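# Report on the structure
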Amino acid sequence: MPAAVAGLTIASMKNPVVWPDTARQAAFERWLGAIAPQHGIDPATLAPASADASFRRYLRVQGRSGARFIIMDAPPPQEDVRPFVHVAALIQAAGLNAPPVLQADTEQGFLLLGDLGERVYLQALQAAPAAEADRLMRDALAALVQFQQRVPADALPPFDEALLARELALFPQWCVQREFGVHWSAAEQATWQRACRLLMDSALAQPVVAVHADWMPRNLMVTGPGSNSPGILDFQDAVAGPITYDLASLLRDAFISWEEPQEIDWAVRWWEQARRAGLPVQADFGEFWRALEWMGLQRHLKVLGIFCRLKHRDGKPHYATDLPRFFTYAHKVALRYAPLAPLARLLEPLSGPAVQTGHTL
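Attention here is on the structure that accompanies the text.

Definitions and cut-offs
- Residues numbered from 1 in each chain as written.
- Predicted model: local features only at pLDDT ≥ 70, side-chain atom pairs only at ≥ 80, totals over all residues.
- Heavy atoms only, no water.
- Helix = DSSP H or I, 4+ residues; strand = E, 2+ residues; numbered from the N terminus.
- Rg over C-alpha atoms; globule rule 2.2 N^0.38 Å.
- Buried < 20%, exposed > 50% of the residue type's maximum accessible area, 1.4 Å probe, protein only.
- Contact = heavy atoms within 4.5 Å.
- Phe/Tyr/Trp six-rings, centres within 6.5 Å; stacked < 30°, edge-to-face > 60°.
- Lys NZ or Arg CZ within 6 Å of the ring centre and 35° of its normal.
- Polar contact = N/O pair within 3.5 Å; in protein donor to acceptor, adjacent residues only side chain to side chain.
- Expected span 1.5 Å × (residues − 1).
- Arc of directions from axis to C-beta.
- 1 Å grid on protein atoms, 1.4 Å probe; cavity = no way out; pocket = protein on both sides within 12 Å on 5 of 7 lines; lining within 4 Å.
- Points joined across faces, edges and corners; volume = space filled by probe spheres on them.

Attention now moves to the overall build of the protein chain. Summing up its helical and strand segments, the protein chain has 12 helices and 9 strands in all. In terms of C-alpha radius of gyration, the protein chain reaches 22 Å, essentially the compact-globule figure of 21 Å for 361 residues. Summarising its shape, the C-alpha atoms of the protein chain cover approximately 70 × 50 × 40 Å along the three principal directions. Burial status across the protein chain gives 52% buried among its 361 residues. In the protein chain, of all internal contacts separated by at least 6 residues, the share reaching a separation of at least 24 is 68%.

If you want it as structure tokens, here you go:
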């Protein structure tokens, strides 16, 4: 092992990187030591970059020539970096801005990536005046159309009925029962199953395109003038699925919300661009908006379950602070459409009866 890496211990770093066990740390140091000379990496600059809701985390390291790199630490068997490597290549081939994979050890779960910077869309949107937020969102919408048009759906696993059902099942298991201690009666369970059937049928009836599965401001980067912005992150779960899924993820996000007239304006802009690009969208915007809302409802019920699972199973209680945002999204949509009104009544004991008014199409 090169001397520069042999001294890479938790105590020696300015911003300490904490390892879950010494075996993982030793494997990382061996891997970094082997690739550092090729890429001009200075191991002494290693520092935490970010973490997410999974077992993955990201580290940042400097190059001796001023370059910066991101390292993904994705320990198997919980994580598998091969889908990330595969989808990164598809996104780059589509002319979009994914971090380049410079080195990959798929067996150990280490990737060396190009660094897209530190300015996340979410932070930029939260600080931006209205005109700048609109510009950023239009860039994200245009990139989404290009993603759906140029990333081949047949190169991705299917977002099928079984996956939809598994996602919806997270809500009663982790949110209804574990978070709130509520156990539905047989009649309430039947109501839930009917609602799930409606949502799944709507999703499965949509045209199939490449779906990022988390196209939201937290996974987009502002990469600066002259670059192909936005940068795209966290795409390893990409699937072939409903055309409205990613747009719903962007417009009704986990961490930032917009007034409904603004949502509709951006949805219209995406819809018009998608039609010009030849994507298979409904000719009637009202029908498209209903499909978009129902797709968003499926996602929001799933995320309510995931956030509660993160709290109770994974020891990450801060995710539960955003449950009210998702209940607001879900209740508004369920109440708006007559076939989903029974679902709204299931949600009200958990979220409260307050209803936000909105435009009905």
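Next up on the list: the environment of Val151. The residue Val151 is located in the loop between helix H5 (130–150) and helix H6 (161–179) in this model. Through-space distance from the C-alpha of Val151 to that of Ala240 is 9.9 Å; in sequence the pair is 89 residues apart.

What follows deals with the packing of aromatic side chains. All chains considered together, the criterion is met by 22 aromatic pairs. The interplanar angle of 70 degrees and the centroid separation of 5.5 Å between the aromatic rings of Phe28 and Phe110 together place this pair among those described as edge-to-face. Of this pair, Phe28 sits in helix H2 (residues 22–39) while Phe110 sits in strand S5 (residues 110–114); the two residues are 82 residues apart in sequence, bridging distant segments of the chain. We note that Phe28, like Phe110, is buried. Grouped by ring-pair contacts, the aromatic residues Phe171, Phe180, Trp184, Trp192 and Phe327 constitute a single cluster. In this arrangement the basic side chain of Arg57 is found over the ring face of Trp19, its NZ or CZ atom lying 4.5 Å from the centre. One cation-aromatic arrangement involves Arg290 over Trp294; the distance from NZ or CZ to the ring centre is 4.6 Å.

On the secondary structure map, Asn219 appears in the loop between strand S6 (208–211) and strand S7 (220–221). With a relative accessible area of 7%, Asn219 lands in the buried category. Only 2.9 Å separates the side chain of Asn219 from the backbone oxygen of Asp214, close enough to count as a polar contact. For Asn219, the residues in contact, after removing those within four places along its chain, are His212, Asp214, Gly231, Ile232, Leu233 and Asp234.

Side chains that are three or four residues apart share a direction in an α-helix, a result of its 3.6 residues per turn. Here helix H3 (residues 82–93) spans 17 Å end to end across 12 residues, near enough to the 16 Å set by a 1.5 Å rise per residue. Among the residues making up H3, those that are buried are Phe84, Val87, Ala88, Leu90 and Ile91. The arc that holds every buried residue of H3, seen down its axis, measures 165 degrees, which confines them to one face. The exposed set on the far side of H3, more than 90 degrees from its buried face, consists of Arg82 and Ala93. Residues of H3 that are buried in the fold lie against strand S3 (68–73), strand S4 (101–105), S5, H5 and strand S8 (231–232). Once H3 finishes, Gly95 follows within two positions and takes phi at roughly 80 degrees, a positive value.

Here we come to empty space enclosed by the protein. If you walk through the whole model with that rule in mind, you get 1 cavity of 30 Å³ or more. Taken as a whole, the largest cavity encloses approximately 50 Å³ of empty space. Around the largest cavity, the lining residues are Ala248, Leu251, Arg252, Glu263, Trp289, Leu292 and Glu293. Those elements giving two or more residues to the lining of the largest cavity turn out to be helix H8 (245–251) and helix H10 (285–312). Broken down by element, the lining of the largest cavity gets its largest block of residues, 3 residues, from H10.

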